[in-house]
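Single-letter residue listing:
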Amino acid sequence: MVQITDLIFRDAHQSLIATRMRTEDMLPIADVIDQVGFFSLEVWGGATFDVCLRFLAEDPWERLRLLKERMPNTPMQMLERAMNIVGYRNYPDDIVIKFIELAHKNGVDYFRIFDALNDLRNMEVPIEAAKAVGAHVQGALCYTISPVHTVEYYVETFKKLEKMGCDSLCLKDMSGIISPQRAYQIIKACKEEGIRVPIDLHTHMTSGMGELAYMKACEAGVDVLDCCISPFSGGTAAPPTESVVAALQGTPYDPGYDLELLNRCRAYFMKVWEKYRHLHRQEAMKVDPSVTLHQIPGGMLSNMILQLEQFGAKDKFQEVLIETARVQRDFGWPSLVTPTSQIVGTQAVLNVIFGRYKRVTEETKNYVKGMYGKPPGEIPKEVYEKVLGPNWKDELVECRPADLLKPEFDKCKRELIEKGLYRGRDEDVISYALFPMYAEKFLRGEVKPEFTSAELPLEGPLIGRRFKVRVGNDEYEVTIRKLIKTRS
């Protein structure tokens, strides 16, 4: 039997509608989902945390508690970015440990822990913290196509994660680029090399190979597959749950789930899908085999499209994809997953607009220094010089990056008290430590929920829409970059 982790409440909407699904759309169907019998349900982590604070006026911790109340029988899982947690930089050990303790207390049963560079040094503290609270730890390795990321590389690194105490392992193909043959080779080799803990395969349908890869993974002995209920599947999201369950019926891999129950879930999420139609993007929903070249993951791809629209540079999309592949090679073949996908993607945009490395972000400098960890491959000398200057060797970080960071929890708590925002909850302190500006605005009650499709005056996406405006005798073309709700 092969089991399924469903991603409907996290990765699915992060990949297709910029993580905008609200808690109010999750709770009515949660008790039905709880009856399916999934291996786990991914509900938290990734971009869900900051989007709740920034755009939805929701407390992410409250979402977790409410979902746990309604799904007592299904293990709730989060995606945890090692020392980045759910943010975009390394945080000190005390913040990482406290976050995991509170996440477990509020409802997280399974922690899928990964590092964007597969640097195991960055995974040690969160793995140990999750084990200490009695949670299930799933050690994940990011899948990438490169000269460095061989079958042997994955097998040997998975062995190390198993020795570090992981209860299960995940081959995390966030870009949807794994071929059926490579999925078979890696999982088969892991089993033959004596790895005993369950192995999960995570992929997306971006390249169109996802379901084929899952079938070959089953033949190789995979234990868990990641899927999402069909209205939020396909394109830059994962393969559809109902389809995979139906395909495996009558085989040795049959999960044994009730398709009628799953179709009830599908009918519900069809309505939810329509609620966010202003965020639908054809580019994110179509198969794009070129992803095997640029390797941009689903969540980053959908956000990149929105960002390019806002900057009025959507016509540069294909150029940016090509440049992304070049930057990835320049940076030592990092996996394109948060935060490295944002670092590589943003630098690729700047390279296309201003010239290669004529403008360099602070995040790029920190990455090249080693502040995110050790890249899987080598960074060429000329890239070091362009990014860091002629004395680049003096700036390199050789230790675990978090070793350079001072504890922050007590400092953040004092700041909240001084601002009059401390409510006696350590959860608020952690929110503030991770996203100080967004958390402060949220705690002050200054965040208003973003609009939904029902609140729009016109059908279809408005961001990026162009209008002609006449001022006096002159005519101007105006592009909508941002919508601001002024009243209810």
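Up top you'll find the structure we're talking about.
Throughout what follows, the structure given in this document is the object of discussion. All figures in this text were calculated on a predicted structure; none of them were measured in a lab.

## Some points on the overall build of the protein chain
Here is step 1: Counting secondary structure elements, the protein chain contains 21 helices and 10 strands.
Here is step 2: The C-alpha radius of gyration of the protein chain comes to 22 Å, within 12% of the 23 Å expected for a compact globule of 488 residues.
Here is step 3: Taken along its principal axes, the extent of the C-alpha atoms in the protein chain is 75 × 60 × 50 Å.
Here is step 4: Taken over 488 residues, the protein chain has a buried fraction of 58%.
Here is step 5: Contacts in the protein chain between residues far apart in sequence, at least 24 positions, make up 74% of those at least 6 positions apart.
Here is step 6: In the form shown here, the protein chain has an accessible surface area of approximately 20000 Å², with 50% of it arising from carbon and sulfur atoms.
Here is step 7: Across the protein chain, 63 positive and 69 negative side-chain charges occur, with their mean positions spaced 5 Å apart.

## Details of the nonpolar core
Here is step 1: One finds Phe9, Ile33, Trp44, Phe99, Leu201, Phe269 and Leu434 to be the most contacted residues of the largest nonpolar core, which totals 115 residues.
Here is step 2: Excluding anything up to four places from it in sequence, Phe99 contacts Trp44, Phe49, Trp61, Met78, Ile85, Val86, Ile430 and Leu434.
Here is step 3: Leu321, Phe331, Val344 and Leu388 belong to the second-largest nonpolar core, a separate cluster that totals 25 residues.

## Regarding the packing of aromatic side chains
To describe a pair of aromatic rings, one takes the distance between the centres and the angle between the planes.
Here is step 1: Across all of its chains, the model carries 20 aromatic pairs by this definition.
Here is step 2: Among the aromatic residues, those joined into a ring-pair cluster are Trp44, Phe49, Trp61, Tyr88, Phe99, Phe435 and Tyr438.
Here is step 3: Over the ring of Phe409 we find Lys98, and its NZ or CZ is 5.6 Å from the ring centre.
Here is step 4: Note that Lys216 overlies the ring of Tyr184, its terminal NZ or CZ placed 4.8 Å from the centroid.

## Details of the layout of surface pockets
Over the atoms a probe the size of a water molecule is rolled, and this reveals where empty space is left.
Here is step 1: Here the second largest pocket defines a volume of roughly 280 Å³.
Here is step 2: Lining of the second largest pocket is provided by 16 residues; of these, Lys374, Pro375, Tyr384, Val397 and Glu398 occupy positions nearest its centre.
Here is step 3: For the lining of the second largest pocket, the element with the most residues is helix 17 (residues 362–369), which contributes 3 residues.

## Some thoughts on the packing of helix 3 (residues 48–56) against helix 4 (residues 60–70)
Here is step 1: Running from N to C, helix 3 and helix 4 point in directions that differ by 115°, and their axes come no closer than 8 Å. Taking contact as the criterion, the partners of Thr48, Phe49, Cys52, Leu53 and Leu56 in helix 3 are, on helix 4, Pro60, Trp61 and Arg63.

Reading the values: rules and limits
- Residues numbered from 1 in each chain as written.
- Predicted model: local features only at pLDDT ≥ 70, side-chain atom pairs only at ≥ 80, totals over all residues.
- Heavy atoms only, no water.
- Helix = DSSP H or I, 4+ residues; strand = E, 2+ residues; numbered from the N terminus.
- Rg over C-alpha atoms; globule rule 2.2 N^0.38 Å.
- Buried < 20%, exposed > 50% of the residue type's maximum accessible area, 1.4 Å probe, protein only.
- Contact = heavy atoms within 4.5 Å.
- Areas by Shrake-Rupley, 256 points an atom, 1.4 Å probe, with all protein chains shown as cover.
- Lys, Arg positive; Asp, Glu negative; His and termini not counted.
- Charge placed at Lys NZ, Arg CZ, Asp CG, Glu CD.
- Core = buried A, V, L, I, M, F, W, Y, C linked by side-chain atoms within 4.5 Å.
- Phe/Tyr/Trp six-rings, centres within 6.5 Å; stacked < 30°, edge-to-face > 60°.
- Lys NZ or Arg CZ within 6 Å of the ring centre and 35° of its normal.
- 1 Å grid on protein atoms, 1.4 Å probe; cavity = no way out; pocket = protein on both sides within 12 Å on 5 of 7 lines; lining within 4 Å.
- Points joined across faces, edges and corners; volume = space filled by probe spheres on them.
- Axes fitted to C-alpha atoms, helices over the stretch in contact; angles between N-to-C directions.

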